[in-house]
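# Remarks on the overall topology
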Amino acid sequence: PARPRVLSGIQPTADSFHLGNYLGAVRNWVALQETHDAFYCVVDLHAITAGHDPVVLRRRTRVAAAQLLAVGLDPERCTLFVQSQVPEHAQLAWVLDCLTGFGEASRMTQFKDKSAKQGAERASVGLFVYPILQAADILLYQADAVPVGEDQRQHLELTRDLAQRFNNLFGATFTVPEAYIVRDTAKITDLQDPSIKMSKSASSPAGIIELLDEPAKSAKKIKSAVTDTGREIYYDPEQKPGLSNLLTIYCALTGRAIDELVEAYAGKGYGDLKKDLAEVLTEFARPIRERTHLYLDDPAQLDKVLAAGGERARAVASTTLRTVYDRIGF
Ligand code: ADP
Ligand code: NA
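These numbers were taken from a predicted model, which means no experiment stands behind them.

### A few points about the overall build of the protein
When you go through the protein residue by residue, the secondary structure sums to 12 helices and five strands. A compact globule built from 330 residues should have a C-alpha radius of gyration of about 20 Å, and the protein, at 21 Å, falls within 12% of that. Overall, the C-alpha framework of the protein stretches about 70 × 45 × 45 Å when taken along its three principal axes. Residues counted as buried form 49% of the 330 residues belonging to the protein. Entry remark: accessible area of the protein is about 16000 Å², with carbon and sulfur atoms responsible for 52%. Taking the average place of the 38 positive charges on the side chains of the protein and the average place of its 42 negative ones, the gap between the two points comes to 2 Å.

### Some words on the site of ligand 1
Surveying the vicinity of ligand 1 reveals the residues H18, G20, N21, G24, A25, A186, K187, I188, K197, M198, S199 and K200. For ligand 1, an oxygen atom lies 3.1 Å from a polar atom in the side chain of N21. Contact with the protein chains covers 80% of the free accessible surface of ligand 1, which is 530 Å². Within the shell around ligand 1, the residues separate by chemical class into four nonpolar, five polar and three charged.

### A word on helix α6 (residues 125-140)
Compared with the 22 Å implied by 1.5 Å per residue over 16 residues, the 22 Å span of α6 between its first and last C-alpha is a close match. Considering bend angle alone, the principal kink of α6 is centred on P131 and spans about 45°. Within α6, 13 of the 16 residues are buried, leaving the element largely enclosed by the surrounding structure. Directly after α6, the chain includes Q142, whose backbone phi takes a positive value near 55°.

### Some remarks on empty space enclosed by the protein
Evaluation of the coordinates by the stated rule reveals one cavity of 30 Å³ or more. Lining the largest cavity, in full, are M108, Q110, F111, K114, L127, Y130, P131 and H155. For the lining of the largest cavity, the per-class residue count stands at five nonpolar, two polar and one charged.

### Let's talk about the environment of L321
Inspection of the secondary structure assignment puts L321 in helix α12 (residues 299-328). Accessibility expressed as a relative area gives 6% for L321, which makes it buried. Residues in contact with L321, not counting those within four places in the same chain, are E88, Q91 and L92.

### So, a positive patch on the surface
Taken together, the side chains of K114, K117, K187, K197 and K200 define a basic patch exposed on the protein surface. Considering the arrangement of structural elements, one finds K200 in the loop between β5 (178-180) and α8 (215-223).

### Concerning the packing of aromatic side chains
A complete count under the given rule lists 10 aromatic pairs for this structure. An angle of 50° between the planes, with centres 4.9 Å apart, marks the rings of F166 and F170 as tilted. Here F166 pairs with F170, and both are found in helix α7 (residues 153-170), just four residues apart, close to one helical turn. Taking the relative accessible area as the measure of exposure, F166 reaches 0% and is therefore buried. Geometry around Y130 places K114 over its ring, the cationic atom sitting 5.8 Å from the centre. A cation over an aromatic ring shows up here: K268 above the ring of Y265, its NZ or CZ 5.5 Å from the ring centre.

### A word on the pairing of strand β2 (residues 37-42)
Counted residue by residue, β2 has five buried out of six residues, so it is predominantly covered. For strand β1 (residues 5-10) and β2, the ladder comprises six bridges, and the chain directions are parallel. Its bridge partner lying in β2, R5 is registered against D37. Between the parallel pair β1 and β2, the chain is carried across by helix α1 (residues 19-35), and the sense of this crossover is right-handed. One ladder, built from four bridges, connects β2 with strand β3 (residues 79-82); its direction is parallel. When the sheet's bridge partners are listed, Y40 is paired in β3 with L80.

Calculation notes
Residues numbered from 1 in each chain as written. Chains lettered and ligands numbered in written order. Predicted model: local features only at pLDDT ≥ 70, side-chain atom pairs only at ≥ 80, totals over all residues. Heavy atoms only, no water. Helix = DSSP H or I, 4+ residues; strand = E, 2+ residues; numbered from the N terminus. Rg over C-alpha atoms; globule rule 2.2 N^0.38 Å. Buried < 20%, exposed > 50% of the residue type's maximum accessible area, 1.4 Å probe, protein only. Areas by Shrake-Rupley, 256 points an atom, 1.4 Å probe, with all protein chains shown as cover. Lys, Arg positive; Asp, Glu negative; His and termini not counted. Charge placed at Lys NZ, Arg CZ, Asp CG, Glu CD. Near = heavy atom within 4 Å. Polar contact = N/O pair within 3.5 Å; in protein donor to acceptor, adjacent residues only side chain to side chain. Nonpolar A, V, L, I, M, F, W, Y, C, P; charged D, E, K, R; others polar. Expected span 1.5 Å × (residues − 1). Bend = angle between axes of the 7 residues up to and from the residue. 1 Å grid on protein atoms, 1.4 Å probe; cavity = no way out; pocket = protein on both sides within 12 Å on 5 of 7 lines; lining within 4 Å. Points joined across faces, edges and corners; volume = space filled by probe spheres on them. Contact = heavy atoms within 4.5 Å. Patch = residues over 30% accessible without salt bridge, like charges linked within 9 Å, V, L, I, M, F, W, Y side chains within 5 Å. Salt bridge = Lys/Arg side-chain N within 4 Å of Asp/Glu carboxyl O. Phe/Tyr/Trp six-rings, centres within 6.5 Å; stacked < 30°, edge-to-face > 60°. Lys NZ or Arg CZ within 6 Å of the ring centre and 35° of its normal. Pairing = 2+ DSSP bridges. Right-handed = clockwise from strand over helix to strand, strands pointing away.

Laid out in structure tokens, this is it:
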């Protein structure tokens, strides 16, 4: 039987993935390409909803793609592409815009949060319809499953509603996608403030590990991460959130179990753990950095990979859009 199809996207809104992006999302993408028919998309259309600089956007789109290849996406085993190279995303989004109620879209909590930050008058209509573009991203590929974190559940529900609505109105057209819940997804917290997640928008520079940072810089951040009172090393996210975050990262990067680590550090101090973790992290990130730079230093090759991925994506997307246009009377 054919492998189930998954679709996932990442915004090119930073110059490097941070450790949370990698351990919470991208690492699973690498695993999924072995078991699924995986489509992965650098969603540059989504990255212009709040103002942007064209030079920076172009650079970040390439960096995102290069990093995805560097962490192990294999263009022979998955379809990696850039959203703006497949015009069907915007075309299907318009059709879905017209099927979405204004009130329905207004209930999206991510829009409420983000527009509150930008100021309600200044928030773009693009930000408002963002989840509908996301629905188009998914439905174009007839994805069976979408890896989602908690924060994206509401958007996936909207996608499912829109797929069912279209199917009811115009005949069975779209696969209604399921949430793909990834077990063992690490939630990484900020190194300086374990009460918030590590995040490019909320973290201070010292609280966030960027995979492309100089090793010495990352090592220093690990060593100056806040830990908790006491000396003993054990895992307790409630009482020892800082220490537990470091243990989570350690486990995720080495594949060792928490219990095993706790045992290995019996009688040792926080300093020992941090020193070892800094080394684990820098050894882990070094080849990713090197491979990312190899891709970035060979723009023609990167273009070729992305053009091939774009063509494969487009073949699927255009087939879906043709059916959609036909069904709605275009
Ligand atoms: P950020 O929160 O830094 O803006 P994004 O929202 O662009 O990051 O997230 C990209 C992906 O990385 C999403 O799938 C998200 O769930 C995941 N992710 C982001 N931060 C973390 C984190 N601290 N721990 C685990 N996963 C995370
Ligand atoms: Na975010």
